[in-house]
Amino acid sequence: MGDTSYFLFHTVLVVSFLALVFYGIYFVTQKKKIRTLARWTLLASGILQTFYILLRYLQTGYTPITSQHETIVFFAWSVTWAYLSFRWRYTVKNFGTLISILIVILLLIAATASRTITPLPPALQSWWLPVHAGISVLSYGFLALAFCSGVMYLLQEYELKSKRLGYLFTRLPSLDSLDQLNSHCLATGFILFTLGIITGSFWANQAWGAYWHWDPKETWSLITWFLYAAQLHQRFSAGWRGKRAAIMAIIGFAAVLFTLWGVTYLLGGAHSYVR
Amino acid sequence: MSDDMILLFGVNHKTTPLAVREKLAVGNGYEGPLQALHSITGCKECYLLSTCNRVEIVVVAQAGSQVEEAIATLLFGDSVAPEQRQDYLYIYRNHEAVHHLFMVSTSLDSMIVGEAQILGQLKEAYRHASEHKCTGPILNKLLHKSFSVAKRVRSETRIGASAVSISYAAVELAKKIFGNLEDKNVLLVGAGEMAELAAEHLVSQGVRKVVVANRTLARAMDLAKRFNGSAVSLDELFSQLEQADIVISSTGAPNIILHKKDVKPIMQARRNQPIFFIDIAVPRDLDPELNDLDNVYLYDIDNLQNVVETNKSERDKEAVKARRIVDEEALKFEHWIDSLAVVPTIAALRKKADEICRIELERTMCRLQHLSPEEQKAIEKMAMAISSRLLHGPVSFLKNESCKEQDEVKVEIIRSAFDLVDNN
C-alpha cells in the first residue's frame, strides 16, 4: 500500500502540474479548447487528491490531517474543491490559472514534507479530529480563493486606474465578478472558520478540561477570526468593497498562513503535533 | 478547363467616392444584376457582392472570351463615362483575384480591419448567387474557401478582439468594471452628439435605464425619448449620481462641473458601488482627480483615444499574421486550380485503359466458354489489375506536386505517349 500511495501522490503532482500548464497556455493564447482541457485536468486532479486522502486514511487508520504533509495535501484538496464548487456556478475569467498555481505550490510543499506515518498521539485520538481539523482546513480553501481574487482585483484595478490597459487587462476578469467572488468566498470561508474554532474549543474542553487556553494557535486563530469578522462587518454595513476588500482578503490570508505554519514553527504550543 | 480565368472586378471605399458608388447600376438587389452577368457570353460562373463600402463581381470566364468590357459596362451603367472607369475600377486575375477575395472575407480590406460584418454579407451574396444557379464548381469551392479562411483568421489571430472606436472602447471598459451591463443605469450629462453615440452603444448592450440631465430640459426630453429614458434638469445632478453607474458627460460648460469633494460624499451614499465617468467634453467637465477615489473610474476623451490607438496598433500586428494566412491559403487554392488541369488527362487515361480491357476481355471470353463463372471473374480481375498497375506510374507522374509549373508539359507528354484524343 505504501508504494501505491507514493505513486498516487506523484500522479496527483503531475496531473495538477499539467492543469497548471494548460491554464498557462490558455492564459497566453485564450483558446477555448485548451481551457476545456485545463478544466478537465483540474477536475481529474481533484478526484485523484480525494483518492490519495482516502488511501492515506486506510493506511494510517485515522483522518489524515495531522502531519505537515497531510495538512497541506488537505489544504490543496480544499482549494481545489472550493474552486470547482465555485466554478460550477460562476465563471470568472482566467481564475483557474491563479488557482492552479496555488495548488501546485501547496502540493510541492507537501512533497518536501516527511511522509512517514507516525502513530497518532493519544490526545488526538478522538472523532473531533476530522470535524475540527477538516472544517478548519476547508475554510482555508475558501479563504485562499478570496485571496486569489483579491490579487487579481488589485492587478485589474491598477490596469483600469493607470489607463494603460495592457496584456493583463484583456485577460483578467471584470472587477465586479472578482468582488462577488471575494464576497462569496469570504462568507463561506468565515462560517467554516468560525465552526472550526467552536468545534476546537469543545474538543479542548473534552481533552484538556477548558474551552480556551490562550495557546498561540488559538490566539492567532482568534486574531485571524477578528480580521475576517471586521471585513465582513464592513462589507455588509459600510459597503466596503473593491480595493479595500481585496487588500483585506490578502491580509486575512497572510494571517491564515501564519496561524497554520508560523505559529507551529515560531511559537510552539499545544497544537504543535502538527509538524 | 485550365485556360479558364478567374476575374474579379470591383470598386470600394478606397478607390471610389460614395457619390459614384451610390450611382452604380448594381447597387440594389441581387437578382437582376446576377441574371445580366450570367447572360454575358463567355461568363461560365459569376457572383456579386454589394455592400455600402464595396461592389465586387467574381466571374469564371471562358478562355479567350472578352468579358471585361461587358462587365464594366454592366457595373457602371451610364453613371460613369467609359474613359473614367479605370480611375475607379480594379480588376484582378487568377491568383490576385483569389487573394483579393480572401482579403475581403477576412476583413483585411475593410474600412475597419477586423470587423466581422463582411463575412455575413459575403455569405448572403453567395446564397443569392447559388440560388440563381450562377456559381459552378470553381466559385463554389472558392467562396467556401473564403469563408473557411475568414474563420481560420478569426481563430488564429486576435484581429477582432479589441475595440477601435471611442464608443466601443467605452463599452469595453464598462464591461471590465461591471461585468454585466444589464442592470446598470446610464446618466448623460449634457446632450451632445458624441454622448448620444456612446449611449446608443451602451443601450445596445442592454443597460437598464438612461437618464438625461441637461441645462435645457426640452433637449433633454428629446434625447431621453430616444432611449425610453427620463429627463432631469442639471440641478439634480448630485442626487442622480447616487443611482447612476455610468456617467457620460459632454456639456459645453467652460469649467469643471463636478469636483472630487462633491463626489466623495456621493460615494458613501452609494455604499461604494463603483461608478464609471466618461468625460467627452472639451474643455473637460469632470475633475481629473476623481480617478483617485476608490471605486471611481474616470476616462476623458484623450484616455479613450489612447485606448483606441493601442488597440489599433495591436490590431495592425495581428493583421500581419492574418495576411500571412491569406497568402498561404491563396497559394493552396492556386494549387487546387492547377491540379484541375491534370484531372481530365487522368480521367482520359483511365477511360482508355478500361476501354482496352473491356474489348480484349470480350474477345478472349468468347473463346473460353468452358470456364466456370468464378474462373471468368478471376481473369477479368487480372486484366483490371494489370491495367491499373500499369497506369499507376503515369498517373503519379501527373499528380506529382514537385514540378507543378510543368503541368502543361506533363499533360502534353502523357497525351502523346498514350495517344489520347483531345475531346474535352
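Everything quoted here is computed from the prediction, not taken from an experiment. (Residues numbered from 1 in each chain as written. Chains lettered and ligands numbered in written order. Predicted model: local features only at pLDDT ≥ 70, side-chain atom pairs only at ≥ 80, totals over all residues. Heavy atoms only, no water.)

(A) Fine view of the overall build of chain A. In terms of helices and strands, chain A carries nine helices and zero strands. When the helices and strands of chain A are placed in sequence order, the string is α-α-α-α-α-α-α-α-α. Radius of gyration (C-alpha) of chain A: 19 Å, near the 19 Å computed for a compact globule of 275 residues. Across the 275 residues that make up chain A, the buried fraction comes to 54%. Within chain A, counting contacts between residues at least 6 apart in sequence, those at least 24 apart form 78% of the total. Between the mean site of the 20 positive side-chain charges and the mean site of the 8 negative ones, chain A shows a separation of 12 Å. (Helix = DSSP H or I, 4+ residues; strand = E, 2+ residues; numbered from the N terminus. Rg over C-alpha atoms; globule rule 2.2 N^0.38 Å. Buried < 20%, exposed > 50% of the residue type's maximum accessible area, 1.4 Å probe, protein only. Contact = heavy atoms within 4.5 Å. Lys, Arg positive; Asp, Glu negative; His and termini not counted. Charge placed at Lys NZ, Arg CZ, Asp CG, Glu CD.)

(B) Inspection of the domain arrangement of chain A at higher detail. Residues and elements named next belong to chain A. If you check the domain split of chain A, you get domain 1 (1–119) and domain 2 (121–275). Computed over C-alpha atoms, the centres of domain 1 and domain 2 are 19 Å apart. At the boundary of domain 1 with domain 2, total buried surface from both sides reaches about 2,800 Å², with 76% on carbon and sulfur atoms. Ranked by residue count, the leading element in the side of domain 1 that touches domain 2 is helix H3 (residues 68–87), at 12 residues. (Domains from an automatic or database assignment. Buried area = accessible area lost by both parts, 1.4 Å probe.)

(C) Spatial organisation of empty space enclosed by the protein. This structure, assessed with the given rule, holds six cavities of 30 Å³ or more. As a volume, the second largest cavity reaches approximately 70 Å³. Lining the second largest cavity, in full, are Tyr153(A), Leu175(A), Asp176(A), Asp179(A), Arg241(A), Gly242(A), Ile177(B), Pro274(B), Asn295(B) and Tyr297(B). Considering every element that reaches the lining of the second largest cavity, the biggest residue donor is helix H7 (residues 175–208) of chain A, with three residues. (1 Å grid on protein atoms, 1.4 Å probe; cavity = no way out; pocket = protein on both sides within 12 Å on 5 of 7 lines; lining within 4 Å. Points joined across faces, edges and corners; volume = space filled by probe spheres on them.)

(D) Just the pattern of salt bridges, in detail. Residues and elements named next belong to chain B. Following the criterion strictly, the structure yields 26 salt bridges over all chains and no others. Between Glu-156 and Arg-152 there is a salt bridge; the shortest N-O distance is 2.9 Å. With a gap of four residues between them, Glu-156 and Arg-152 both fall in helix H7 (residues 137–156), about one helical turn apart. Given the relative accessible area of 40%, Glu-156 is considered partly exposed. Among the ionic pairs, Arg-284 bridges to Asp-300, the shortest N-O distance being 2.9 Å. Here the residue Arg-284 occupies a position in the loop between strand E9 (275–279) and strand E10 (296–300), and Asp-300 occupies one in strand E10, the gap between them amounting to 16 residues. It is possible to trace a salt-bridge network through shared partners that takes in Lys-145, Arg-152, Glu-156, Glu-328, Glu-329 and Lys-332. (Salt bridge = Lys/Arg side-chain N within 4 Å of Asp/Glu carboxyl O.)

(E) Main features of the packing of aromatic side chains. Inspection of the entire model under this criterion finds 20 aromatic pairs over all chains. With centroids separated by 5.3 Å and ring planes inclined at 80°, the aromatic side chains of Trp225(A) and Phe226(A) adopt a geometry described as edge-to-face. Relative accessible area serves as the criterion here: at 23%, Trp225(A) is assigned to the partly exposed category. Taken together, a centroid distance of 6.4 Å and an interplanar angle of 80° make the contact between Phe102(B) and Phe333(B) edge-to-face. In this pair, Phe102(B) sits in helix H5 (residues 94–105) while Phe333(B) sits in helix H13 (residues 301–367), placing the two residues 231 residues apart along the sequence. (Phe/Tyr/Trp six-rings, centres within 6.5 Å; stacked < 30°, edge-to-face > 60°.)

(F) Structural detail: the interface of chain A and chain B. Facing 28 residues of chain A, the contacting portion of chain B comprises 24 residues. Of the roughly 2,000 Å² buried at the junction of chain A and chain B (both faces included), carbon and sulfur atoms supply 45%. Looking at the side of chain A facing chain B, the largest losses of area belong to Lys161(A), Lys163(A) and Arg241(A), adding up to 32% of the total buried there. The interface formed by chain A and chain B contains one salt bridge. Between Asp294(B) and Arg244(A) there is a salt bridge, with the nearest N and O atoms lying 3.9 Å from each other. Taken together, the connections running from chain A to chain B amount to 16 residue pairs in polar contact (both at pLDDT 80 or more). Every element with two or more residues in the side of chain A that touches chain B is listed here: helix H5 (128–162), helix H6 (167–171), H7, helix H8 (216–238) and helix H9 (242–267) of chain A. In terms of residues, the side of chain A that touches chain B owes the most to one element, H5(A), which gives six residues. Here the side of chain A that touches chain B is composed, by residue class, of 10 nonpolar, seven polar and 11 charged. (Polar contact = N/O pair within 3.5 Å; in protein donor to acceptor, adjacent residues only side chain to side chain. Nonpolar A, V, L, I, M, F, W, Y, C, P; charged D, E, K, R; others polar.)

(G) Fine view of the sheet that holds strand E6 (residues 209–214) of chain B. All names here are of chain B. Spatial strand order, E7-E6-E5-E8-E9-E10: six strands in an open sheet with parallel pairing. Where the open sheet ends on each side, the last strands, each with one partner, are strand E7 (230–233) and E10. Neighbour to neighbour, the strand axes of the sheet diverge by 20° on average, direction disregarded. Relative to strand E8 (residues 246–249), strand E5 (residues 185–189) runs parallel, the two sharing four bridges. (Pairing = 2+ DSSP bridges. Axes fitted to C-alpha atoms, helices over the stretch in contact; angles between N-to-C directions.)

(H) Representation of helix H8 (residues 166–178) of chain B in the model. All names here are of chain B. Taking 1.5 Å per residue, 13 residues should reach 18 Å; H8 reaches 18 Å between its end C-alpha atoms and fits that length. Buried residues dominate H8, accounting for 11 of its 13 residues. By the burial criterion, the buried members of H8 are Ile-166, Ser-167, Ala-169, Ala-170, Val-171, Glu-172, Leu-173, Ala-174, Lys-176, Ile-177 and Phe-178. Downstream of H8 by a residue or two, Gly-179 has a phi angle that is positive, lying close to 75°. (Expected span 1.5 Å × (residues − 1).)

(I) Spotlight on the nonpolar core. If you look at the biggest cluster of nonpolar residues, it comprises 106 residues, and the most contacted ones within it are Leu188(B), Ile246(B), Ile248(B) and Phe276(B). By residue number, the principal contributor to this core is H5(A), which donates 14 residues. The contact partners of Leu188(B), leaving out residues within four places of it in the chain, are Ala195(B), Ala199(B), Val210(B), Val211(B), Val212(B), Ala213(B), Leu223(B), Phe227(B) and Ile248(B). Leu37(B), Leu48(B), Val59(B) and Val149(B) belong to the second-largest nonpolar core, a separate cluster that totals 61 residues. (Core = buried A, V, L, I, M, F, W, Y, C linked by side-chain atoms within 4.5 Å.)

(J) Seen up close, the sheet that holds strand E1 (residues 5–12) of chain B. All names here are of chain B. Spatially, E2-E3-E1-E4 is the arrangement adopted by the four strands of the open sheet, whose pairing is antiparallel. Two strands lie at the open edges of the sheet, namely strand E2 (43–50) and strand E4 (90–93), each paired on one side alone. Taking the axes of each pair of neighbouring strands and ignoring which way they run, one obtains an average angle of 15° across the sheet. Alignment of E1 against E4, held across four bridges, turns out to be antiparallel. Bridge pairing links Leu-7 to Arg-93 in E4. Sitting on the sheet, helix H2 (residues 31–38) touches E2 and strand E3 (54–61), and the angle it makes with E2 is about 155°. Contacting E1, E2, E3 and E4, H5 runs over the sheet at an angle of about 115° to E4.

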